[in-house]
Amino acid sequence: MSKVFIAPWRLQVLTLGMVGCFCTVLWRLADLHIIDRETLAQKVEANRKTLEVRSARRGNLLDVRGNLLAATRPVIDVGVDPQSFNSKDLDKLPKLAKILGVPEATLTQTITRKSRAESDSAFNPEVSLLRWVKLAEKVDEPTYQQVLDLKIKGVYGNRRYERYYPGNSTAAHVLGYIGYVDEIRKVDGLEIKDTVLRPLMGVEQYMDFYLRGQDGWRESEHDGRRRELSQYRCEVAPTDGLDVELTLDLVIQSIAESEVHRLVQEYKPKGISIIVSRPSTGELLALANYPTFDPNEFWKSDLNSLRNRAVADVFEPGSTFKIVAIGGALNEGIVGPETIIDCGSTSVPYKGRQIRLPKDDHKIGQAPIREIVYKSSNRGAAQLGMLLGEDRLYKYAKAYGYGELSGYGPGGEVFGILHNPKNWDGLTISRMPMGHAISATPMQVHCAMASVANGGVLMMPQIVKRVVNKDGNTVVQFTPKIRRRVLSPATAALLAGMLREVVSPIGTAVRASIPGYECAGKTGTTQKIVDGKYSNTEHIATFTGFFPSSQPELAMTIIVDEPNLKGTGYGGVVAAPVFKNIGEQLIQYLAIRPPQVDSNSREAIAASDKHQKNVRP
Amino acid sequence: MKLKAPRKHTSYFYYIVALVVLILVVSAGGGLAIVYLRQQITLSAAKTKETETEITSLDRKIQHLDTRIAAVHHPDSLRRRAESLGLTLTQPAAKQVVRMEATASQRTWPAEADQPEPLMVSFDLALMDPSLAPVAKAAKNATATRTAKPASTTKPTNSTKSTKTASANKSKKNN
C-alpha cells in the first residue's frame, strides 16, 4: 500500500478553486433566480405561453324573409415563401397558375425572385430576403383546397374574414359597408395608430352594437418544438354578433332596382330614388337609388354614388306638396270637396295687398277642390294656402314631417328646408302650397303621402324588424312607431278619394293606374333652379301614391332627377308608369286582393282600365 | 411440553413490512395512475383540439356555402339563369289568378271589355255543392254569357265548370 503525499499548498489551491467554482455557480444561480428573475421569467412565459385573441364573427343582415343580405365569409390570401420553395415543384406551377387564375409567367417570376432591394439611394443598397409574396387574394375555400392538394412547398395562404354582400349592389345604400379606418389609441402615454375595420354607413353602422359581437381569447402553452399543449388551454369563447332582420324584402327590392335600371336605360337621368313601404306600419320594403355602388368594392365608386339620395338629397317637392295645403284646408273645415275656387284669376287680395298667383299649365277657371287636386292646379293650391294662412300652412307642413328628420335609423338624413313664417317673403304664401320655397327629401315626400294612406297618421319609417340570435329567437323586437296624427281619419279618407281621381283618365297620373285596383297618388314636376332661375329644361319628375286606395297596402314614391327625353319630363309620364310596373308585380308577389267595390266603382275602374289600355305604348 | 408464545416483535415486523409494501404499491399505483390520467388528459385535449379544428373548418365551409347559396338565390341571379336556359318564365298575370274566397259580387280581375270573366261563382260554394253546376249547361251558359254581354256587366251564374273552363281558356290565351 503506497502512501500519497500531497503538499498542503496544493490542497489549499484545489480547495480554493473548488470553492471559487461553487461560488461562481451560486452567483449565477442567484443572478438567474433572484436578480434577473422577473425579466427572465417574463421571457420564459412569453416563449411558453401564447395569448390569442379570438375574433367574434359579425352577425348577418337578413331580409324580412330570412334571405341573406350581408354575411361574413372566410377568404384566403395565397402567397409563397420563395426561400422555402423547392425547384422540384416548378413543374406544378402551370396547374397552380390555372387554379389561381394568374398568368404562369408572372407566377414563375414571383416565386423565383428571392430577394428585394430596400434602399433609398443607389449608393447604399440593402437587400432583404423575401419571406412571403402574395400570389392571389380573396381565394375561396374550395380553390384553396385545390392549391393545398398540389403540395407545393412554401405555397400557403393566410385566412381572413371579409364582409360579403351576395346581392352586390342590392340595397347598397340601406346596408352600408365596412371599411378600414385609422384609430389612435394611447398606451402608456404613447399614441399608437391602428388601422381597423369599422362599419361606415347604413344598417352596418346603425346596428353595429348588435352585429359586432364580443371577441374572446385563448391562452395556451407550447413545448420546445412550438407545438401547442392543448391540455393547458384556457379560453373564453367569443360571442358572435347577432343577426339583424330588416323590413326590406329582397324580391321587392330587386323589382324596384329593375325599374331603376329600366329608367336609367330609357331616360339617362342624374339620379333616381324609389321607396316602397307599408303605410300602416312605416316598414320600408324597398329603397333603391341611382347611382349606386357595390359594397363589396365600395372604394371603386365615387362619393356621389355612396350617398343615400332618398334621405340625403333635397329638392323642391313641387305638386306632391299640394296635399299639405289641400289636406290642411279640408281638415280645418275651411273648404269641402265641392267648394268652388276661382283658378282663372291671376291675382288675389291677401292681407290688404294683391298677390300674384302662379301659372297653371292648363286653364281651369272656376273649379271644385277635387278638380284642383286631379288637375294639379297651382292657382287653386295657392289660394287654399292663403285660406289656411302662413301659420297653419307651416303647422301642417311640419305635421306632415317636412323640415324635420323622418327618423330613418341608419342616418345620413338631412332636415330639408322649411322656413319659419316670420322669414317668409310676400310671395311664399302663394308659392309654398305648390311645393316651391321648400326643400324636402324623397323620404319626407314619401312619409307625407303614406300618412294620408294611413288614415292621417304619420309613421316613422322602419328599416329594422328585429334582432335574432343563432337559433332564430328574437332578442330585440322593433315595433312600428307613430309620429303624430296629421289629419283626421275622415279628412284623410276624403283626400285619398280625391287623390284616386289623379290616377284616373281625368287626372295627371293615368299611367300609374293598375287595372282592377284603385290607386291614389300625386304627380310632381319640379323645375330645377339653375343659376338662380327656374329652368325650363331641367326637371325632377315625381310620383308618390298608394294602393288599393280604400285599404292601402303599399305606398310608393318615385323620384327621377333630370330625365332626358323630348319635351318636359313630367311626373305623370316618367315616374307614374314605374308605380304601375312595380305595383302590378307586387300584387302577385304579396297576393294583394282587390278591395270589395260597389257596382258604380266597378264601372269606374272598368272605364279606367279601358282608358289605361288605350294609353299603353 | 409447554408451547412458546409467538414473539410479538416478529408479528410487528411482518405487519410493518406489509404496510410498507402496501404504501409502495399504493404510491407506485397512484403515480402510475396520475401519469395515465395525465396522458389521457393530453390525448383528450389533443382530440378535442382536433375536433375543434374540424368544427371550425366545417363552420368556415358552411359560411362559404351560405354566401354562395345567397348569391345564387338572388332574384337577379335566378333571372339571368332562367334567361341563359332559354326559359320564358313570367309572373302570373292578374287575370290568371283565381281567388278562392272571392264571391260573384267581388271584382277579382281586370274588367276588360273584350275579355270574358273567368270567375262567375263563389268557388267554395260551387265546390261544396257540385249539383249546382251541371257541366254541359254551365259551359253553354258561360259561352252564351260571354257573347251576349260585356264582362263588366256580366251577371254571375252558379257554375263551377264554366269557371274552370273559362279560366283554362284564359290561361291558354295568356301563355
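Novice: Residue-level account of the overall build of chain B, with values.
Specialist: For chain B, the helix and strand inventory stands at five helices and zero strands. Mapped from its N terminus to its C terminus, chain B presents α and β elements in the order α-α-α-α-α. By residue count, 17% of the 175 residues in chain B fall in the buried class. Long-range contacts, defined as pairs at least 24 residues apart, comprise 58% of the intrachain contacts of chain B with a sequence gap of at least 6.

Novice: Before we move on, can you summarise the confidence of the model for chain A with the specific residues and values?
Specialist: Caution applies to low-pLDDT parts of the model: their predicted coordinates are not meant to be read in detail. Looking at chain A as a whole, the pLDDT averages 89, with 94% of positions reaching at least 70. Here residues 612-617 of chain A scores under 50 on pLDDT; set against residues more than four positions off or in separate chains, the count is six contacts.

Novice: Break down the pairing of strand β8 (residues 178-187) of chain A for me, citing the residues and quoting the values.
Specialist: In regular strands, side chains alternate between the two faces of the sheet. Residues and elements named next belong to chain A. Counting buried residues along β8, only one of its 10 residues qualify, which leaves the element largely exposed. With 10 bridges connecting them, β8 and strand β9 (residues 190-199) associate as antiparallel partners. Its bridge partner being in β9, Tyr-180 is matched across the sheet by Leu-197. Turn length for the β8-β9 hairpin, with the two strands adjacent in sequence and antiparallel, is two residues, and the turn residue Asp-188 shows positive phi of about 50 degrees.

Novice: Run through the nonpolar core, naming residues and quoting values.
Specialist: Residues and elements named next belong to chain A. Judged by nonpolar contacts, the single largest core of 128 residues is most densely connected at Leu-69, Val-203, Ile-274, Val-276, Ile-326 and Leu-495. When residues in this core are grouped by element, the largest group, nine residues, is from helix α19 (residues 571-589). When neighbours within four sequence positions are excluded, Val-276 is seen to be in contact with Ile-252, Ala-256, Leu-285, Ala-286, Leu-554, Met-556 and Ile-582. By size, the runner-up hydrophobic cluster in this structure holds 13 residues, among which are Ala-136, Val-139, Val-147 and Ile-152.

Novice: Describe the sheet that holds strand β1 (residues 49-54) of chain A, with residues and values.
Specialist: Residue and element names in this part refer to chain A. If you trace the three strands from one edge of the open sheet to the other, you get β1-β10-β11, paired in antiparallel fashion. The open sheet is flanked by β1 and β11 (228-236), the only strands paired with a single partner. Here the average twist between neighbouring strands, direction ignored, is 20 degrees.

Novice: How would you explain unusual backbone geometry if you had to name every residue and give the values?
Specialist: Residue and element names in this part refer to chain A. Going from Tyr-290 to Pro-291, the amide bond is cis rather than trans, its omega being 0 degrees. Mapped onto the elements, Pro-291 comes out in the loop between β14 (283-290) and α10 (303-306). The peptide bond linking Phe-547 to Pro-548 adopts the cis configuration, its omega dihedral lying at -20 degrees. Note that Pro-548 resides in the loop between β24 (533-547) and β25 (554-561). A positive phi is found at Lys-151, a non-glycine position, where the angle reads about 55 degrees.

Novice: Hey, could you go over the packing of helix α3 (residues 93-100) of chain A against helix α4 (residues 104-112) of chain A for me, with residue numbers and the actual values?
Specialist: Residues and elements named next belong to chain A. For the pair α3 and α4, the least separation of the axes is 9 Å and the interaxial angle reads 115 degrees. Note that α3 runs across α4; the crossing there is right-handed. The residues of α4 that touch α3, namely those facing Leu-93, Pro-94, Leu-96 and Ala-97, are Glu-104, Leu-107 and Thr-108.

Novice: If you had to explain helix α9 (residues 250-267) of chain A to someone new, which residues and values would you point to?
Specialist: Residues and elements named next belong to chain A. Counted at 1.5 Å a residue, the expected span for α9 with its 18 residues is 26 Å, and the 25 Å between its end C-alpha atoms agrees. Where α9 is concerned, the buried positions are Leu-250, Val-251, Ile-252, Gln-253, Ser-254, Ile-255, Ala-256, Glu-257, Glu-259, Val-260 and Leu-263. At the exit of α9 stands Lys-268, carrying a positive phi of roughly 45 degrees.

Novice: Run through the confidence of the model for chain B, naming residues and quoting values.
Specialist: Residue and element names in this part refer to chain B. Summarising the model, chain B shows a mean pLDDT of 68, and 51% of its residues fall at 70 or more. Model confidence for chain B, summarised as mean pLDDT per element, is weakest for helix α5 (residues 160-174) at 39 and strongest for helix α1 (residues 8-73) at 91. Within the model, pLDDT remains below 50 along residues 115-126, and this stretch shows 43 contacts once partners closer than five positions in the same chain are excluded. Contacts for the low-pLDDT stretch residues 129-140, under 50 throughout, to residues beyond four places or in other chains number 17 contacts. Model confidence for the complex: the whole-complex pTM is 0.79, and ipTM, which rates the interface, is 0.79.

Rules used throughout
- Residues numbered from 1 in each chain as written.
- Chains lettered and ligands numbered in written order.
- Predicted model: local features only at pLDDT ≥ 70, side-chain atom pairs only at ≥ 80, totals over all residues.
- Helix = DSSP H or I, 4+ residues; strand = E, 2+ residues; numbered from the N terminus.
- Buried ≥ 20, exposed ≤ 12 C-beta atoms within 10 Å, placed from the backbone.
- Contact = placed C-beta atoms within 7 Å.
- pLDDT = per-residue confidence, 0-100.
- Pairing = 2+ DSSP bridges.
- Core = buried A, V, L, I, M, F, W, Y, C linked by C-beta atoms within 7 Å.
- Axes fitted to C-alpha atoms, helices over the stretch in contact; angles between N-to-C directions.
- Left-handed = near helix turned anticlockwise from the far one by under 90°.
- Expected span 1.5 Å × (residues − 1).

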